[in-house]
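Single-letter residue listing:
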Amino acid sequence: MTNESDIQERLDIIETISKSNDTLESAKLLFDNFCHIQWHTIASFLDDMYAELENRGYKVTDKVQLKTIDNIVFGGIQKRKEPITFSFCDKNNIEYTIGSDCDEVLYFGIHPDDNKGKIKSLKQTISAHKESIEDIHFDEDGWIFWCYFDVPSEDEIYLRDFKQTGTFNLVRRENRLNSIKIHLDVFEKVCKILGL
């Protein structure tokens, strides 16, 4: 059942759009180009994330391919489910992954495939501190550890869902850079607590 306030809100939107030819044309332009706006916003978010990581002293080792962005924006049902992941190393050559799966917010963690020869010491270091962090997944699904970014709900990013406020706000560069800072601050705080 549809809420009466939802109906009124939609009618108000129609009224706002139809107030002038300029707003009507702007709305049409947005509707006609929404997929392209989504594609460029995701690409810009990733580029800005890579730049901020490098600015903080990390080395980006594996980037999201443009074809992946094509698939999640323009692909069919299965292609839209393709995971988005990229990797980077810290000064100790520990490789981290940030990513998102089909219907999930961004997560980060350490995967053993990317850290051969360091797995035992990483597990020992992390296990000594893992109780200090809520909702961390240790030694699960093949990961040494992974967790979601603990950010305010209005900053959560679902790269496939631009109906979410945090994701839609990435369209604006200032918001995008602020969101990246918030996410990377959380990442670095967790790594520090874990002794990494």
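Residues numbered from 1 in each chain as written. Predicted model: local features only at pLDDT ≥ 70, side-chain atom pairs only at ≥ 80, totals over all residues. Heavy atoms only, no water.

Asks: Help me get a handle on the packing of aromatic side chains, residues and values and all.
Replies: For the coordinates displayed, the defined rule picks out 14 aromatic pairs. Note on Tyr107 and Trp146: the rings are 6.1 Å apart at their centroids and 75 degrees apart in plane angle, and the pair reads as edge-to-face. Placement of the pair is Tyr107 in strand β4 (residues 107-110) and Trp146 in strand β6 (residues 145-148), with a sequence separation of 39 residues. Each member of the pair, Tyr107 together with Trp146, is buried. The interplanar angle of 50 degrees and the centroid separation of 4.7 Å between the aromatic rings of Phe108 and Phe149 together place this pair among those described as tilted. Placement of the pair is Phe108 in strand β4 and Phe149 in the loop between β6 and α5 (165-168), with a sequence separation of 41 residues. By relative accessible area, which is 0% here, Phe108 ends up buried. (Phe/Tyr/Trp six-rings, centres within 6.5 Å; stacked < 30°, edge-to-face > 60°. Helix = DSSP H or I, 4+ residues; strand = E, 2+ residues; numbered from the N terminus. Buried < 20%, exposed > 50% of the residue type's maximum accessible area, 1.4 Å probe, protein only.)

Asks: How would you explain the pairing of strand β2 (residues 84-89) if you had to name every residue and give the values?
Replies: With respect to burial, β2 is a largely interior element, five of its six residues being buried. Two strands pair when backbone bridges link them, and strand β1 (residues 59-62) and β2 are joined in this way by three bridges, in the antiparallel orientation. Across the sheet, the residue bridging to Asp62 is Ser87, located in β2. Relative to strand β3 (residues 95-100), β2 is paired through six bridges, and the arrangement is antiparallel. Bridging across to β3, Phe88 finds its partner in Tyr96. In this structure, the hairpin formed by β2 and β3 is closed by a connection of five residues, where Asn93 is found at a positive phi of approximately 65 degrees. (Pairing = 2+ DSSP bridges.)

Asks: Describe the sheet that holds strand β5 (residues 137-138), naming the residues involved and giving the relevant values.
Replies: Pairing is antiparallel across the open sheet formed by six strands, whose spatial order is β1-β2-β3-β4-β6-β5. Looking at which strands have only one partner, the edges of the open sheet turn out to be β1 and β5. Sheet contacts for helix α2 (residues 21-55): β1 and β2; angle to β2, the most-contacted strand, approximately 15 degrees. Contacting β2, β3, β4 and β6, helix α6 (residues 173-193) runs over the sheet at an angle of about 135 degrees to β3. (Contact = heavy atoms within 4.5 Å. Axes fitted to C-alpha atoms, helices over the stretch in contact; angles between N-to-C directions.)

Asks: Residues and numbers for a nonpolar patch on the surface, please.
Replies: On the surface, Ile7, Leu11 and Ile14 cluster together to form a nonpolar patch covering roughly 260 Å² of accessible area. Among the structural elements, Leu11 can be located in helix α1 (residues 4-17). Classification of Leu11 as partly exposed rests on a relative accessible area of 47%. (Patch = residues over 30% accessible without salt bridge, like charges linked within 9 Å, V, L, I, M, F, W, Y side chains within 5 Å. Areas by Shrake-Rupley, 256 points an atom, 1.4 Å probe, with all protein chains shown as cover. Salt bridge = Lys/Arg side-chain N within 4 Å of Asp/Glu carboxyl O.)

Asks: Just give me the short version of the confidence of the model for the chain, but keep the residues and values in it.
Replies: Residues with a pLDDT of 70 or more make up 97% of the chain, whose mean pLDDT is 90. Across the chain, the element-wise mean pLDDT spans from 82 in α1 up to 98 in β1. (pLDDT = per-residue confidence, 0-100.)

Asks: Account for the environment of Arg10, with residues named and values stated.
Replies: Along the chain, Arg10 falls in helix α1. We classify Arg10 as partly exposed; its relative accessible area is 48%. Taking the C-alpha atoms as reference points, Arg10 and Asp62, 52 residues apart in sequence, are found 43 Å from one another.

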